[in-house]
Amino acid sequence: MSEIITIQNFGKSYGKIRAVEGLTLAINSGELFGLIGPDGAGKTTTMRTLCTLLPLEEGQMQLAGFEVRRDVAAIRSILGYMPQRFSLYPDLSVEQNLLFFADLFGVSAAEKKKRLPQLYHFSKLEPFKNRLAKQLSGGMKQKLALSCTLIHTPKILILDEPTTGVDPVSRREFWQILQQLRDDGVTILVSTPYMDEALLCNRVAFMHKGKVLALDDPRLITKHFPHTLYEVATPAPQLLVPYFKTAHACESVQIFGDRLHVSFAAPLADAMLKSVVQSAPQPVIEMRQIAPGIEDTFMALMKNRISPQP
Ligand code: ATP
């Protein structure tokens, strides 16, 4: 598989704030690649620089063989970018928005005629084509924004948190569209704060404080979890957090729904496990070793600031 987006040693500062530090990444043609990380990790800065909207000051970036520093027009012609707050025209209808963006990108009349039905087909927006954009639901607005981004048939799609604040059903539909686009050969770089979405990517990079902490197939990324994880079932998880933090040499304690996830540097011997359960100040129904999930892994990597994996 050939690399279509390459980033070498990218760095960016805003005054004294170091937003991205020595980022090196290669994304393959036809890949659905996720950038995962908390607010302020440097995802938007990386994406906006790739899209030629921020100047590239440190490092190198290439898209489909074009240099970000030099080939601005060529890159913009093959790229679709959907920013966090994509500006639809609220007083234009769905179709008028699509036609507006088609004109903006210089899409010919013949191409428009072909493209609109395709975009309606996958977005399922045709029944709403005369509805004003401001009257669409959140999920429909995001689908229209994506359709506007796709109007000029870009080879590469860069999406910055496209489903943040969107309801779960619309999020699922949106990701079905992304997977369909990937299957049609579009390369997609998408950022998301949702771990369930990370699992739908071919590969993900965990970003934190401007650095990549781990990069892998999302189904394999849990191998980067550095400790041994236990799940604790207890009626009041929050009441046991201080116990694990102070009474035992645990590495981390997180509340996961109605359970606690507690990690230790190494597996606990049976006698030790029994003692941990018996001396707890609140009842422990069960404490058992479990395989870490993607969220456990990300939290652990953030806490430990583990260096980038090969
Ligand atoms: P978010 O999802 O919140 O946008 P992010 O991972 O996309 O987060 P960036 O927006 O790239 O991260 O921000 C990285 C760092 O750079 C943060 O500390 C942020 O406060 C800072 N930053 C971003 N843009 C600017 C700016 N224009 N001026 C100053 N600092 C900035």
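Cut-offs used in this document
Residues numbered from 1 in each chain as written. Predicted model: local features only at pLDDT ≥ 70, side-chain atom pairs only at ≥ 80, totals over all residues. Heavy atoms only, no water. Helix = DSSP H or I, 4+ residues; strand = E, 2+ residues; numbered from the N terminus. Buried < 20%, exposed > 50% of the residue type's maximum accessible area, 1.4 Å probe, protein only. Lys, Arg positive; Asp, Glu negative; His and termini not counted. Charge placed at Lys NZ, Arg CZ, Asp CG, Glu CD. Near = heavy atom within 4 Å. Polar contact = N/O pair within 3.5 Å; in protein donor to acceptor, adjacent residues only side chain to side chain. Areas by Shrake-Rupley, 256 points an atom, 1.4 Å probe, with all protein chains shown as cover. Pairing = 2+ DSSP bridges. Axes fitted to C-alpha atoms, helices over the stretch in contact; angles between N-to-C directions. Contact = heavy atoms within 4.5 Å. Disulfide = S-S within 2.5 Å. Expected span 1.5 Å × (residues − 1). Salt bridge = Lys/Arg side-chain N within 4 Å of Asp/Glu carboxyl O.

## Description of the overall build of the protein
Then step 1. Looking only at helices and strands, the protein features ten helices and 14 strands.
Then step 2. With the C-alpha coordinates of the protein rotated into their principal frame, the extents come out at 75 × 45 × 40 Å.
Then step 3. Burial statistics for the protein: of 310 residues in total, 50% are counted as buried.
Then step 4. For the protein, the separation between the mean place of its 34 positive charges and that of its 30 negative charges on side chains is 4 Å.

## Let's talk about the site of the ligand
Then step 1. Lining the immediate environment of the ligand, one finds 13 residues, of which Gly40, Gly42, Lys43, Thr44 and Thr45 sit closest.
Then step 2. Measuring from an oxygen atom of the ligand, one finds a backbone N or O atom of Ala41 at 2.9 Å.
Then step 3. Taking 620 Å² as the accessible area of the ligand by itself, protein coverage stands at 63%.
Then step 4. Sorting the residues of the shell around the ligand by element identifies β2 (17-28) and α1 (43-50) as the ones contributing at least two each.

## Considerations on the pairing of strand β8 (residues 187-192)
Each regular strand shows side chains that alternate between the opposite faces of the sheet.
Then step 1. In terms of residue burial, β8 counts as a mostly covered element, since six of its six residues are buried.
Then step 2. Residues Thr187, Leu189 and Ser191 of β8 are buried on one face, and the alternating residues Ile188, Val190 and Thr192, pointing to the opposite face, are buried as well.
Then step 3. Taken together, the five bridges between strand β3 (residues 32-36) and β8 define a ladder with parallel strand orientation. Note on β8: the bridge partner recorded for Leu32 is Ile188.
Then step 4. Two strands pair when backbone bridges link them, and strand β7 (residues 156-160) and β8 are joined in this way by five bridges, in the parallel orientation. Each residue of the ladder has a partner; that of Asp160, found in β8, is Ser191.

## Brief notes about the sheet that holds strand β13 (residues 259-264)
Then step 1. In spatial order, the strands read β12-β13-β11-β14; together these four strands make up an open sheet with antiparallel pairing. The sheet is open, and its two edges are formed by β12 (250-256) and β14 (286-290), each paired on a single side. The sheet shows a mean angle of 25 degrees between the axes of neighbouring strands, taken without regard to direction.
Then step 2. Inspection of the sheet shows strand β11 (residues 228-233) paired to β14 by five bridges, in the antiparallel sense. Looking at the pairing, Glu231 lines up with Arg288 of β14.
Then step 3. On top of the sheet, helix α8 (residues 237-247) reaches β11, β12, β13 and β14; it is set at about 175 degrees to β12, its chief contact.
Then step 4. Against the sheet, helix α10 (residues 294-304) makes contact with β11, β12 and β13, and its axis sits at roughly 135 degrees relative to β12, the strand it touches most.

## Here's the deal with the state of the cysteines
Then step 1. Applying the stated criterion across every chain, the model contains zero disulfides.
Then step 2. Its sulfur unpaired, Cys51 is 16 Å from the next cysteine sulfur, which belongs to Cys148.
Then step 3. Cys51 sits in the buried class, given a relative accessible area of 3%.
Then step 4. Cysteine Cys201 remains unbridged, with the sulfur of Cys51 as its closest cysteine sulfur at 17 Å.

## A word on helix α4 (residues 109-123)
Then step 1. Taking 1.5 Å as the rise per residue, α4 with 15 residues should run 21 Å; its terminal C-alpha atoms sit 21 Å apart, in good agreement.
Then step 2. Listed as buried for α4 are Lys112, Arg115, Leu116, Leu119, Tyr120, Phe122 and Ser123.
Then step 3. Its buried side turned inward, α4 meets α3 (94-104), α5 (138-149) and α6 (168-183).
Then step 4. Taken from the residues just after α4, Lys124 is the one with a positive phi, measuring 60 degrees.

## Quick look at the pattern of salt bridges
Then step 1. Applying the stated criterion across every chain, the model contains 19 salt bridges.
Then step 2. Its salt-bridge partner being Asp91, residue Lys134 comes within 2.6 Å of it at the nearest N-O pair. In this pair, Lys134 sits in the loop between α4 and α5 while Asp91 sits in the loop between β6 (79-82) and α3, placing the two residues 43 residues apart along the sequence.
Then step 3. According to the relative accessible area criterion, Asp91 is exposed, its value standing at 52%.

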